[in-house]
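Architecture and fold: a report
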Amino acid sequence: MSCLPGGRVSNGSKPGFTSRYISTTKDVGVLEEWNEGRAVRIDLDEFGGRVIDASTQAACAAGGIRGATANRLAENSEEVLLEGFVPSGAVRWLGKV
């Protein structure tokens with residue numbers, strides 16, 4: 001499914017929704033709330049894809065994320081979207097945080 005970054009932010013937690021983006025966060029509190037025992041750390045220096053920082057209003061605008069709902073959700077979650085393949089060497093398992 002192809003969607004814009006704002007679509008991922010607005011709909012990413014809905015059952016059955018898929019997109020080419022991976023939602024991540026800068027905020028450990030958000031990680032603790034949502035991780036369900038599947039937390040990892042991704043080394044962005046090892047990640048060769050596109051990184052869309054949506055953690056602030058300015059970052060949302062720069063990342064092409066439009067709409068009040070998407071902007072509010074992204075900023076509240078300090079969301080960072082990843083687009084592309086994440087190599088195994090870039091991933092460190094954290095488990096339940």
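Keep in mind the model is a prediction, meaning the values are calculated, not measured.

Parameters and conventions
Residues numbered from 1 in each chain as written. Predicted model: local features only at pLDDT ≥ 70, side-chain atom pairs only at ≥ 80, totals over all residues. Heavy atoms only, no water. Helix = DSSP H or I, 4+ residues; strand = E, 2+ residues; numbered from the N terminus. Rg over C-alpha atoms; globule rule 2.2 N^0.38 Å. Buried < 20%, exposed > 50% of the residue type's maximum accessible area, 1.4 Å probe, protein only. Contact = heavy atoms within 4.5 Å. Lys, Arg positive; Asp, Glu negative; His and termini not counted. Charge placed at Lys NZ, Arg CZ, Asp CG, Glu CD. Patch = residues over 30% accessible without salt bridge, like charges linked within 9 Å, V, L, I, M, F, W, Y side chains within 5 Å. Areas by Shrake-Rupley, 256 points an atom, 1.4 Å probe, with all protein chains shown as cover. Salt bridge = Lys/Arg side-chain N within 4 Å of Asp/Glu carboxyl O. 1 Å grid on protein atoms, 1.4 Å probe; cavity = no way out; pocket = protein on both sides within 12 Å on 5 of 7 lines; lining within 4 Å. Points joined across faces, edges and corners; volume = space filled by probe spheres on them. Nonpolar A, V, L, I, M, F, W, Y, C, P; charged D, E, K, R; others polar. Pairing = 2+ DSSP bridges. Axes fitted to C-alpha atoms, helices over the stretch in contact; angles between N-to-C directions.

This next bit is on the overall build of the chain. If you tally the helices and strands in the chain, you get four helices and five strands. Ordered by position from the N terminus, the helices and strands of the chain form the series α-β-α-β-β-α-α-β-β. Relative to the globule expectation of 13 Å for 97 residues, the C-alpha radius of gyration of the chain, 13 Å, shows essentially globular dimensions. Seen along its three principal axes, the alpha-carbon backbone of the chain occupies a region of about 35 × 30 × 30 Å. When each of the 97 residues of the chain is scored for burial, the buried share is 30%. Considering only intrachain contacts with a sequence separation of at least 6, the fraction spanning at least 24 residues in the chain is 70%. On the chain, the mean spot of the 11 positive side-chain charges and the mean spot of the 12 negative ones are 6 Å from each other.

Among the surface-exposed residues, Val 40, Val 91 and Trp 93 lie close enough to one another that they form a single nonpolar patch of about 290 Å² accessible area. With respect to the secondary-structure elements, Val 40 resides in strand S2 (residues 39-42).

In this structure the tally under the stated criterion is four salt bridges. Here Lys 26 makes a salt bridge to Asp 53, at a shortest N to O gap of 2.9 Å. Taken together, the positions of Lys 26 in the loop between strand S1 (21-25) and helix H2 (28-34) and Asp 53 in strand S3 (residues 50-54) put the pair 27 residues apart, joining distant regions of the chain. For Glu 83, the salt bridge goes to Arg 50, with nearest N and O atoms at 3.4 Å. Remark: Arg 50 occurs in strand S3 and Glu 83 occurs in strand S4 (residues 79-83); sequence separation between them is 33 residues. Accessibility expressed as a relative area gives 40% for Arg 50, which makes it partly exposed. The network of salt bridges with shared partners includes Arg 20, Arg 50 and Glu 83.

Let us now look at the side chain of Asn 71. With respect to the secondary-structure elements, Asn 71 resides in helix H4 (residues 68-77). By relative accessible area, which is 10% here, Asn 71 ends up buried. Setting aside anything within four residues of it in sequence, one finds Asn 71 in contact with Gln 57, Cys 60, Ile 65 and Arg 66.

With that settled, the discussion passes to the layout of surface pockets. Volume-wise, the largest pocket comes out at about 1200 Å³. Around the largest pocket, the lining comprises 35 residues; the ones closest to its centre are Ser 23, Thr 24, Thr 25, Leu 31 and Trp 34. For the lining of the largest pocket, the secondary structure elements donating two or more residues are helix H1 (5-11), S1, H2, S2, H4 and S4. For the lining of the largest pocket, the per-class residue count stands at 17 nonpolar, nine polar and nine charged.

Time to look at the sheet that holds S1. Sheet architecture is open: three strands sit in the order S1-S4-S3, paired in antiparallel fashion. Here the strands that pair on one side only, and so sit at the sheet edges, are S1 and S3. Neighbour to neighbour, the strand axes of the sheet diverge by 25° on average, direction disregarded. Sheet analysis places S3 next to S4, joined by five bridges and oriented antiparallel. The residue bridging Asp 53 from the neighbouring strand is Val 80, located in S4.

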